[in-house]
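These are the residues of each chain, in order.
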Amino acid sequence: MPFQLADLRFRIVQAPMAGGPTTPELAAAVGWAGGLGFLAAGYLTPEAVRAQIEQVRKLAGDGALFGVNVFVPQPVAQPYAVAAYREALLPEAAAAGVHLPEPDFADTDFWAEKVHLLMAEPVPVVSFTFGLPTSDVLARLRSVGTYTIGTVTNADEARLAVATGVDALCVQGTEAGGHRGVFDPCALPPATPLTVLLQEVRKVAPRTPIIAAGGISTSAEVAVLLGGVADAVQLGTAFLRAHEAATNPVYRDALVDRAYAQTAVTRAFSGRWARALRTPFIDRHAADAPAAYPAVNQVTKPLRAAAAARRDPSGMSLYAGTGHRHALAAPAAQIMERLTADLPV
Ligand SMILES: Cc1cc2nc3c(=O)[nH]c(=O)nc-3n(C[C@H](O)[C@H](O)[C@H](O)COP(=O)(O)O)c2cc1C
């Protein structure tokens, strides 16, 4: 029997968080606590994704419900703009003692291999961000029993996702931490608050289950959303300080540090708009980072790694949603308990 959101004890989804924070331990713990845990395949090799899937199954049991999230490739070349940005970063790289690589414009994040893996060794749920797969990929995933979710940031994207054949929509409001899933990699992400966006999407997708994401951080917010148009909620930042997450300790502390009280939407780190704790690096490069994901991500990686190595949050990509101050440092089970406190039993 394929997955349905109604199968969950609590309709709470732990967002996939690529780049380190998400672990099989986190996904399994959220599953044990009655939510839906997610693995983040982004930036990983297919072999690493397979190993993480095996680990979740080992921790959560063979029939466990969990999802795997995949980035849809839409590389934007812009070689001159990337070269200019790289040039602008060279003094910072010299100060940090690192070499900035030349971008690989052909990088697809192993898209074909990851899709092949998920067809050959099916998992209960697969979600996509940064655009949509073809309807053929969605149909083939459905034929192996997988429930598919498309991330959308406006009503037009929602309409397209439904027409392409996703089973559910992850509706990502402006408050969301991390990268926005905007289909057009050059477009400015909409500033529509989640509650407004949910109404807009519901109008164009009246029958498709909606998973609400962005800035959700308290049980009261979870209860209001689940009592309204949302069929489930997806939270990332709320799990960043979970004991089972692999979030860098400096990043964990910054989330609740008054010195990092604001968030900003930036493409300075990756070339794709994302919400992060506001840092001097973001302010310095507010205007000069081009729309060129993943090339910019590759170029800035050594700078971010060097900042992490010297325990300097000001140079790290501290992706976070607007509710970061509420992120609890606790086992995932306790975070789930807190998030479900206002739900009817
Ligand atoms: C550190 C971090 C990494 C993220 N990585 C991914 C990812 O790999 N794939 C994805 O679909 N969404 C990713 N997101 C976005 C989440 O799916 C979700 O939209 C977001 O966390 C919701 O906002 P919140 O963080 O305020 O709860 C990430 C978010 C954060 C904070």
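Note that the coordinates shown come from a computational prediction; the quantities given were computed from them, not determined experimentally. Throughout, residues of each chain are indexed from 1 in the direction in which the sequence is written. Note on the predicted model: pLDDT of at least 70 is required for a residue's local features to be given, and 80 or more for side-chain atom pairs to be given and counted; whole-chain, interface and lining totals, by contrast, use all residues. To obtain the side-chain values, all non-hydrogen atoms of the structure were included, while hydrogens and water were left out.

Comments concerning the overall build of the protein
What counts as a helix is a DSSP run of H or I of at least four residues, what counts as a strand is a run of E of at least two, and both are numbered from the N terminus. Per the secondary structure count, the protein includes 12 helices and 11 strands. When contacts within the protein are restricted to residue pairs at least 6 apart in sequence, long-range pairs at least 24 apart make up 67% of them. The Shrake-Rupley method, run with a 1.4 Å probe, gives the accessible areas here. Residue values count only the displayed protein chains as cover. Approximately 14,100 Å² of the protein is accessible, and the part contributed by carbon and sulfur atoms is 56%. The positive count covers Lys and Arg only, the negative count covers Asp and Glu only, and His and the chain ends enter neither. The atom standing in for a charge is NZ when the residue is Lys, CZ when it is Arg, CG when it is Asp and CD when it is Glu. Here the protein contributes 28 positive and 30 negative side-chain charges, whose respective centroids are spaced 4 Å apart. Contacts between residues were defined by any pair of non-hydrogen atoms, one from each residue, lying within 4.5 Å.

Topic: the sheet that holds strand β3 (residues 66-71)
Sheet architecture is open: eight strands sit in the order β1-β9-β8-β6-β5-β4-β3-β2, paired in parallel fashion. A single partner strand is all that each edge strand has here, and the edge strands are β1 (12-14) and β2 (37-40). For this sheet the average axis-to-axis angle between neighbouring strands, irrespective of direction, equals 25°. Any two strands with at least two DSSP-identified bridges between them are counted as paired. Inter-axis angles, ranging from 0 to 180 degrees, are taken between N-to-C directions of lines fitted to C-alpha atoms, where helices are fitted over the stretch in contact.

What to know about the sheet that holds strand β10 (residues 263-266)
Two orientations exist for strands paired in a sheet by backbone hydrogen bonds: parallel and antiparallel. As summarised here, the arrangement of the three strands in space is β7-β11-β10, forming an open sheet in which the pairing is antiparallel. Only two strands of the sheet have a single partner each, and these edge strands are β7 (178-179) and β10. The pairing of β10 with strand β11 (residues 274-277) spans four bridges and is classified as antiparallel. Within the sheet, the bridge partner assigned to Ala 264 lies in β11 and is Ala 276.

Details of the domain arrangement of the protein
Taken domain by domain, the protein consists of domain 1 (1-73 + 108-247 + 323-345) and domain 2 (77-107 + 256-319). The interface is formed by 25 residues belonging to domain 1 together with 17 residues belonging to domain 2. For any pair of parts, buried area is found by adding up, for both, the accessible area (1.4 Å probe) each one loses once the two are put together. Carbon and sulfur atoms supply 52% of the area buried between domain 1 and domain 2, which totals about 1,700 Å² over both sides. A pairing counts as a salt bridge when a side-chain nitrogen of Lys or Arg comes within 4 Å of a carboxyl oxygen of Asp or Glu. At the boundary of domain 1 and domain 2, one finds zero salt bridges. Residues belonging to the side of domain 1 that touches domain 2 are distributed by class as follows: 13 nonpolar, seven polar and five charged. Residue ranges assigned to the domains are those given by an automatic or database domain assignment. Gly is put with the polar residues, along with every residue not named as nonpolar or charged; the nonpolar set is Ala, Val, Leu, Ile, Met, Phe, Trp, Tyr, Cys and Pro, and the charged set is Asp, Glu, Lys and Arg.

Section: the side chain of Arg 241
Summarising the element assignment, Arg 241 is placed in the loop between β9 (232-235) and α9 (249-254). Among the polar contacts made by the side chain of Arg 241, one reaches the main-chain carbonyl oxygen of Arg 252 at a distance of 3.0 Å. Ignoring sequence-local partners within four residues, the contact set of Arg 241 consists of Arg 252, Leu 255, Val 256, Ala 327, Leu 328, Ala 329 and Ala 330. As used in this structure description, the phrase polar contact means that two N or O atoms lie within 3.5 Å; if the pair is within protein, one of them must be able to donate a hydrogen and the other to accept it, and residues adjacent in sequence are counted only when both atoms belong to side chains.

Quick notes on helix α6 (residues 155-164)
Each residue is assigned to one of three classes by its accessible area relative to the maximum for its type, calculated with a 1.4 Å probe on protein chains only: buried under 20%, partly exposed between the two thresholds, exposed over 50%. When α6 is considered as a whole, its buried residues turn out to be Ala 155, Glu 157, Ala 158, Ala 161 and Thr 164. If you follow the buried residues of α6, they end up packed against α5 (135-143), β5 (147-152), β6 (168-172) and α7 (194-204). N-capping of α6 is provided by Asn 154, with a side-chain oxygen placed 3.1 Å from the backbone N of Asp 156. Once α6 ends, the next one or two residues include Gly 165, with phi positive near 115°.

With respect to the pattern of salt bridges
Tallying each qualifying case throughout the model produces 10 salt bridges. The shortest N-O distance in the salt bridge between Arg 310 and Asp 312 comes to 3.0 Å.

Some thoughts on the site of the ligand
Proximity criterion: a residue is near a molecule or strand once any of its heavy atoms comes within 4 Å of it. Contacts to the ligand come from 22 residues, most closely from Pro 16, Asn 69, Gly 215, Gly 236 and Thr 237. Between the ligand and Gly 177, the relevant distance is 3.2 Å, taken from an oxygen atom to a main-chain nitrogen or oxygen of the residue. Take Thr 237: an N or O atom from its side chain is 2.5 Å from an oxygen atom of the ligand. Here the ligand has 580 Å² of accessible area as a free molecule, and 95% of this is covered by the chains. At the level of secondary structure, the elements contributing two or more residues to the shell around the ligand comprise β3 and β9. In the shell around the ligand, the residues fall into 10 nonpolar, 11 polar and one charged.

Quick word on the pairing of β9
Here β9 shows a buried face lined by Ala 232 and Gln 234 and a second buried face lined by Val 233 and Leu 235. Two strands pair when backbone bridges link them, and β1 and β9 are joined in this way by three bridges, in the parallel orientation. Counterpart to Val 13 in the pairing with β9 is Gln 234. Direction of pairing for strand β8 (residues 210-213) relative to β9: parallel, over a ladder of three bridges.

Examining the nonpolar core
In plain words, nonpolar cores are sets of buried Ala, Val, Leu, Ile, Met, Phe, Trp, Tyr and Cys residues tied together by side-chain atoms within 4.5 Å. Val 68, Leu 169, Val 233 and Phe 239 are the most contacted members of the largest nonpolar core, which has 92 residues in total. Looking at this core, you find at least three residues from each of domain 1 (1-73 + 108-247 + 323-345) and domain 2 (77-107 + 256-319). Contacts of Val 68, omitting those with residues within four sequence positions, involve Phe 38, Leu 39, Ala 41, Val 49, Ile 53, Leu 118, Val 123, Val 125, Val 126 and Ser 127.

Quick notes on unusual backbone geometry
Excluding glycine, residues mostly carry a negative phi; peptide bonds, for their part, are mostly trans. In the segment running from Tyr 293 into Pro 294, the intervening peptide bond is cis, with an omega of 0°. Mapped onto the secondary structure, Pro 294 falls in the loop between α10 (280-284) and α11 (295-309).

Here's the deal with the packing of helix α2 (residues 46-60) against helix α4 (residues 111-120)
When two helices pack together, their arrangement is given by the angle between the helix axes and by the axis-to-axis distance. Two elements in contact, α2 and α4, have axes separated by 9 Å at closest approach and are oriented at 30°. The angle between α2 and α4 falls in the class roughly parallel. Relative to α4, α2 is oriented so that their crossing is right-handed. Of α4, the residues touching α2 (which contributes Pro 46, Val 49, Arg 50 and Ile 53) are Glu 113, Lys 114, Leu 117 and Leu 118. Class assignment of the residues belonging to the contact of α2 with α4 gives a composition of five nonpolar, no polar and three charged. Oblique is the label for every angle not falling under 35 degrees (roughly parallel), over 145 degrees (roughly antiparallel), or within 65 to 115 degrees (roughly perpendicular). If you view the pair so one helix is near and one far, a crossing is left-handed when the near helix is turned anticlockwise from the far one by less than a right angle, and right-handed when it is turned clockwise.

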